[in-house]
Each structure stands twice: as structure tokens, then as C-alpha cells.
Amino acid sequence: LAIPSELIHHILKYLGNADLVNTAIVCPSFRFLSQRVIYRNVKPTEIMVIPCLRCFASYPHLASFTRTLVLADATRYYDVFSNYFNLLRSALLNASSLTDLTILLDGPYARYLHGCSFRLRSLTTTLDWDRDFIKLIAEQTELRNAMFGGKFVNDMALPSDTLKKLTRVSGSPLVLAAVVPSRNIKEVELCLLQQALFKDDILNTASNILSYSTGPLTALQIITHLSDTPSALAALKAIAKNLPRLNSFAFYSSDGAVSQVCRL
């Protein structure tokens, strides 16, 4: 074709997947360009996670097109065995251009991601925060945005030379205590989903830990579940004391009438 491939690629980005599949059978050039668009952002449903991983494991050139990948926890939908985790590893080893990964897989499975050649800029995960997870994090030198939702294993410390480019992080107080101090963290999402965690001493300790960011920290978001609303919100005073340089604050609660204590 006389039309530059870059222009065709730009046009194809406006098509839906059904049209892109039809375009792919026009000729080899269109097939290549259509596949680049189809596989750039991949977000399979739970029942399609395993077929997606099989595709990536079998066709490395398709996996290499992917920049964004969202994987639900297939173990909740299927009765999976060790072969599933080997399949997951084979697929991710081929996703060499991946920059944004969401992997909602609960448990100590970070070892299956070791040695992957991708360099993530964004990671959302529920993998356990254990030694294997720390090794995975150490490999991701370009990470800028992270949501760590996995179980924190006691006494797990991050090496000081990891996560040098991280500026935004979401997690529990224990995770944030391991990540924020002495790093250039500017935005934090503090997850206090258990009612017992939202109280004065914990919020005071957590905000004090966040103050050790070298960012400095300028944006804070709290996600919680309120029960005793007045006493819980009174604990927010610790934020003003420990984080005086904040210029953005957001507060989300799944329950509780915040308006009744707005005078605080």
C-alpha cells in the first residue's frame, strides 16, 4: 500500500475488536497492524483468563504487543493446579513490552513472575508481600505507581535501592511503612478497611510514617469503613499535625454519616 503503516495503525485504533478481526484477514500487513491494536490493552473476563494466557504462551509475538494487562483471579472461578501458575509464568515471560499490570491473585505466587523482561510503570496486585514479592519488586526499576493489596508478611523490609522512581502508592499501614520512608512518594492512598484500624493511635502512627517521604507527600487519600463516626473522624487531627504540607486530601467511607461531625 502507498499509505504509510503508521497512518493505517492510527486509523485502526478507532475500530472495535470485531472490525479489527475482519481487518486482520485483508492481507499480511493489515493482520500485523490489527493485532498490534487488538493486543495492546488486554482485559479478559474471569472465564477468559486461562484462554488469554494460553494465547500469550503459544504466540509470543502477540504477547509482545501488550502494554496493559488486567488479570482477574482465575483461582476463584476454576479449580486450578500448579499447571495454571506455570502457564501464567510462560505467558508473562512473553509479555516483554508490558508497562501496566493488574494481577488480582491472592497468595504467595510472586515467584512465578521472577525474571520477566517487562519493566512496569504501574502495578496493581494482591500477591502476598513476602520475600518472593520483594525480589519481584527489586526487578521492577521503572515502577512509578503501585497498589499493594496483598497480605503483609512480618519483618519484610525493602532494600533501600528499590522503587527509586515510585511516586504514588496505595496500601495498608504496614505496607506503607515499608515503602514510603526515604522515597520520593508524593501521593498515598491509605487503606484502613477494617473498622478497628481507624482510630487515633493508628492514624497518628501512619501519618507520622508518611511524613518521612522525601517527595514531599502532598496528596493523601483514605479509604475506610466507619462505625463510631465522631470518634473516628476526630483522629483526622493527626494528619494536620504530621502532614502540614498536604495540598490534596480525599476521604472515602463505605459507611458512616460524615456530615454529623463536619465541624472538625
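Residues numbered from 1 in each chain as written. Predicted model: local features only at pLDDT ≥ 70, side-chain atom pairs only at ≥ 80, totals over all residues. Heavy atoms only, no water.

Identification of the protein as F-box domain-containing protein from Suillus luteus UH-Slu-Lm8-n1 is taken from an unreviewed UniProt entry.

Enquirer: Break down the overall build of the protein for me, citing the residues and quoting the values.
Expert: Within the protein one finds 11 helices and 9 strands. Across the 264 residues in the protein, those meeting the buried criterion constitute 43%. Sequence separation of at least 24 residues holds for 54% of the intrachain contacts in the protein that already meet a minimum separation of 6. (Helix = DSSP H or I, 4+ residues; strand = E, 2+ residues; numbered from the N terminus. Buried < 20%, exposed > 50% of the residue type's maximum accessible area, 1.4 Å probe, protein only. Contact = heavy atoms within 4.5 Å.)

Enquirer: Just give me the short version of empty space enclosed by the protein, but keep the residues and values in it.
Expert: Counted under the stated rule, the structure contains 1 cavity of 30 Å³ or more. Volume-wise, the largest cavity comes out at about 30 Å³. Secondary-structure elements contributing two or more residues to the lining of the largest cavity are helix H6 (82-94) and strand S3 (100-107). Taken together, the residues of the lining of the largest cavity sort by class into 7 nonpolar, no polar and 1 charged. (1 Å grid on protein atoms, 1.4 Å probe; cavity = no way out; pocket = protein on both sides within 12 Å on 5 of 7 lines; lining within 4 Å. Points joined across faces, edges and corners; volume = space filled by probe spheres on them. Nonpolar A, V, L, I, M, F, W, Y, C, P; charged D, E, K, R; others polar.)

Enquirer: Hey, could you go over the packing of aromatic side chains for me, with residue numbers and the actual values?
Expert: By the definition in use, this model includes 9 aromatic pairs. Their ring planes at 45° and their centres at 5.2 Å tell us that Trp129 and Phe133 sit as a pair that is tilted. Joined through ring pairs, the aromatic side chains of Tyr84, Phe85, Tyr109 and Tyr112 make up one cluster. (Phe/Tyr/Trp six-rings, centres within 6.5 Å; stacked < 30°, edge-to-face > 60°.)

Enquirer: How would you sum up the environment of Lys164? Please name residues and give values.
Expert: Along the chain, Lys164 turns up in the loop between strand S5 (145-148) and strand S6 (168-171). Sequence separation between Lys164 and Ser182 is 18 residues, and the spatial gap between their C-alpha atoms is 9.7 Å. There is a polar contact of 3.2 Å between the side chain of Lys164 and the backbone oxygen of Ser160. (Polar contact = N/O pair within 3.5 Å; in protein donor to acceptor, adjacent residues only side chain to side chain.)

Enquirer: I'd like to hear about the sheet that holds strand S2 (residues 68-71), residue by residue, with values.
Expert: Picture the strands of a sheet paired through backbone hydrogen bonds; they go either parallel or antiparallel. Reading across the sheet, the 9 strands line up as S1-S2-S3-S4-S5-S6-S7-S8-S9 and stay open at both edges, with parallel pairing between neighbours. Either end of the sheet is taken by a strand with one partner, and the two such strands are strand S1 (41-42) and strand S9 (248-253). Summarising the sheet, S1 and S2 pair through 2 bridges and their orientation is parallel. Paired with Asn41 across the bridge in S2 is Thr68. (Pairing = 2+ DSSP bridges.)

Enquirer: A description of the side chain of Thr126 should follow, citing residues and the corresponding values.
Expert: Mapped onto the elements, Thr126 comes out in strand S4 (residues 122-127). Here the side chain of Thr126 touches Asp106 through a polar contact of 2.6 Å, side chain to side chain.

Enquirer: Which residues make up the nonpolar core, and what values go with them?
Expert: What tends to happen in soluble globular proteins is that the nonpolar side chains get buried as a cluster. Membership of the largest hydrophobic core comes to 75 residues, with the highest contact counts inside it found for Trp129 and Phe148. Not counting chain neighbours up to four residues away, the residues in contact with Phe148 comprise Leu123, Thr125, Trp129, Phe133, Ile137, Leu143, Val169, Ser170, Gly171, Ser172, Val175 and Val179. (Core = buried A, V, L, I, M, F, W, Y, C linked by side-chain atoms within 4.5 Å.)

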